[in-house]
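Residues per chain are reported as follows:
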Amino acid sequence: MKIYIAAMHTSNFSRSSRAYEQLNEREKQARNEIPYVLESYHYIHKETFVKKIREDKEKVFLDSGAFSAFTKGIDVNLEEYCEYIHRNKDIIEVASVLDGIGDPLETYQNQKRMEALGCAPLPCFHYGEDERYLQYYVENYEYITLGGMVPISTPQLKLWLDRIWDLYLTDENGYPRVKVHGFGLTTVSLMERYPWYSVDSSSWVQMASNGAIYLPQYGAIPISEKSPQAKNEGQHFLNRPVQEQQAIRDIIEDYGFEVERMVTNYRTRWTFNAWIYTVLNKQYNEKPRTFTLDQPSLF
């Protein structure tokens, strides 16, 4: 599985940024080790972003950004989107279709229009849509995407994902029929449960900005000295039991990071949270990537 870190460049965290310059050597090394980056066309269509991505010698998974644009009352022009893809193919690993928000027929039609214009976008099937579209994409494409999942609760999303992975996305042995990307999939249990080919997450920056870091062994840990949770016993790194504090500190230091910088510096938290997904990546890829629907209980 590939875990794409979303919005690295739109968070002004390129290697030429001021934020990067203020990192220490270990943190710069960690930033440079992040292999998979996703960006939204809605945000990076400006040449300033293209230049920085090209200078960093990175390739991005390009999301159309249709939903972000929709929420701001902006239309994404399909022809301009295709022109951008052609013009910047050297920095684009793969691009997704321009979504028709709330309209699976429009998404399908955009898929065909983009293909007619010489692009090969990944089709997208959204939560709650008519499953005939999903069946078509599975039968006709090697790599597809699932979207519309961000606002859905984890229990509800699990029911839907169980259904479509069982009925459409895996064969009789639980192996994926196609490559599947999950847009905005931040729940670790759902990353682990299904044999995704790729997912993306922006939780690295959101969590860090809220004063927390992520450790696979513990989940989100508030660690900033300014975090309001510092006042709540057992909810912040600094007021956890001493033995637990030491265990967390040992893990962080084994990775080569400094706890004190995480307490005071959001850029250090940015770097750690983005980099820790490379650790998750390795852990996931060491396991068999299949899915079998749980057996129902007798009681």
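Residues numbered from 1 in each chain as written. Predicted model: local features only at pLDDT ≥ 70, side-chain atom pairs only at ≥ 80, totals over all residues. Heavy atoms only, no water.

Caption draft 1: A look at the overall build of the chain. What the chain contains, in helices and strands, is 14 helices and 10 strands. For the chain, the C-alpha radius of gyration of 20 Å lies close to 19 Å, the compact-globule estimate for 299 residues. Restricting the contact set of the chain to residue pairs at least 6 apart, pairs at least 24 apart contribute 64%. Surface summary for the chain: the accessible area is close to 14800 Å², and the carbon and sulfur share equals 50%. Between the mean site of the 33 positive side-chain charges and the mean site of the 41 negative ones, the chain shows a separation of 5 Å. (Helix = DSSP H or I, 4+ residues; strand = E, 2+ residues; numbered from the N terminus. Rg over C-alpha atoms; globule rule 2.2 N^0.38 Å. Contact = heavy atoms within 4.5 Å. Areas by Shrake-Rupley, 256 points an atom, 1.4 Å probe, with all protein chains shown as cover. Lys, Arg positive; Asp, Glu negative; His and termini not counted. Charge placed at Lys NZ, Arg CZ, Asp CG, Glu CD.)

Caption draft 2: Here's a closer look at the environment of Arg269. Relative to the helices and strands, Arg269 resides in helix α14 (residues 266–285). Classification of Arg269 by relative accessible area gives buried; the value is 5%. The spacing of Arg269 and Ile213 is 56 residues in sequence and 6.0 Å in space, taken between C-alpha atoms. (Buried < 20%, exposed > 50% of the residue type's maximum accessible area, 1.4 Å probe, protein only.)

Caption draft 3: Spotlight on the state of the cysteines. According to the stated counting rule, one finds 0 disulfides in the structure shown. Cys119 supplies the cysteine sulfur nearest to Cys82, a cysteine that is in no disulfide, at a spacing of 3.7 Å. Accessibility expressed as a relative area gives 2% for Cys82, which makes it buried. The thiol of Cys124 is unpaired, and the distance to the nearest cysteine sulfur, on Cys82, comes to 16 Å. (Disulfide = S-S within 2.5 Å.)

Caption draft 4: Structural detail: the nonpolar core. Grouped together as the largest cluster of nonpolar side chains are 95 residues, with contacts concentrated most on Leu146, Leu161, Leu169 and Trp196. In terms of residues, this core owes the most to one element, α14, which gives 9 residues. Dropping the residues within four chain positions of it, Leu169 is found in contact with Leu134, Val138, Ile144, Leu146, Ile164, Tyr175, Pro176, Arg177, Val178 and Val180. (Core = buried A, V, L, I, M, F, W, Y, C linked by side-chain atoms within 4.5 Å.)

Caption draft 5: How the structure looks around the pairing of strand β8 (residues 198–201). Here β8 shows a buried face lined by Ser198 and Asp200 and a second buried face lined by Val199 and Ser201. The pairing of strand β1 (residues 2–6) with β8 spans 4 bridges and is classified as parallel. Following the sheet pairing, Ile3 is matched in β8 by Val199. When strand β7 (residues 179–182) meets β8, the two strands line up parallel, connected through 2 bridges. Its bridge partner being in β8, Gly182 is matched across the sheet by Val199. Handedness of the crossover is the feature at issue here: the chain leaves β7, passes through helix α10 (residues 188–193), returns alongside β8, and the resulting connection is right-handed. (Pairing = 2+ DSSP bridges. Right-handed = clockwise from strand over helix to strand, strands pointing away.)

Caption draft 6: Representation of the layout of surface pockets in the model. For the largest pocket, the calculated volume is near 1000 Å³. Taken together, 41 residues make up the lining of the largest pocket; nearest its centre are Asp63, Phe67, Val150, Phe183 and Gly184. Counting only elements with at least two residues in the lining of the largest pocket, the list comes to β2 (37–40), α5 (66–71), β5 (124–126), α9 (154–169) and β8. (1 Å grid on protein atoms, 1.4 Å probe; cavity = no way out; pocket = protein on both sides within 12 Å on 5 of 7 lines; lining within 4 Å. Points joined across faces, edges and corners; volume = space filled by probe spheres on them.)

Caption draft 7: Looking closely at the sheet that holds β7. In space, the 8 strands of this open sheet follow the order β4-β3-β2-β1-β8-β7-β6-β5, with parallel pairing throughout. Looking along the sheet, the strands with just one partner apiece sit at the ends: β4 (92–95) and β5. Shown here is a sheet whose adjacent strand axes are inclined to one another by a mean of 30°, direction ignored. Across the sheet, α9 touches β5, β6 (143–147) and β7, and the angle it forms with β6 is around 160°. (Axes fitted to C-alpha atoms, helices over the stretch in contact; angles between N-to-C directions.)

Caption draft 8: Here's a closer look at the pattern of salt bridges. Overall, the coordinates contain 15 salt bridges when judged by the stated rule. Of the charged contacts, one joins Asp162 and Arg193 as a salt bridge, the two residues approaching to 2.9 Å between their closest N and O atoms. Of this pair, Asp162 sits in helix α9 while Arg193 sits in helix α10; the two residues are 31 residues apart in sequence, bridging distant segments of the chain. Asp162 sits in the buried class, given a relative accessible area of 8%. As a salt-bridge pair, Glu253 and Arg249 come within 3.5 Å of each other at their nearest N and O atoms. (Salt bridge = Lys/Arg side-chain N within 4 Å of Asp/Glu carboxyl O.)

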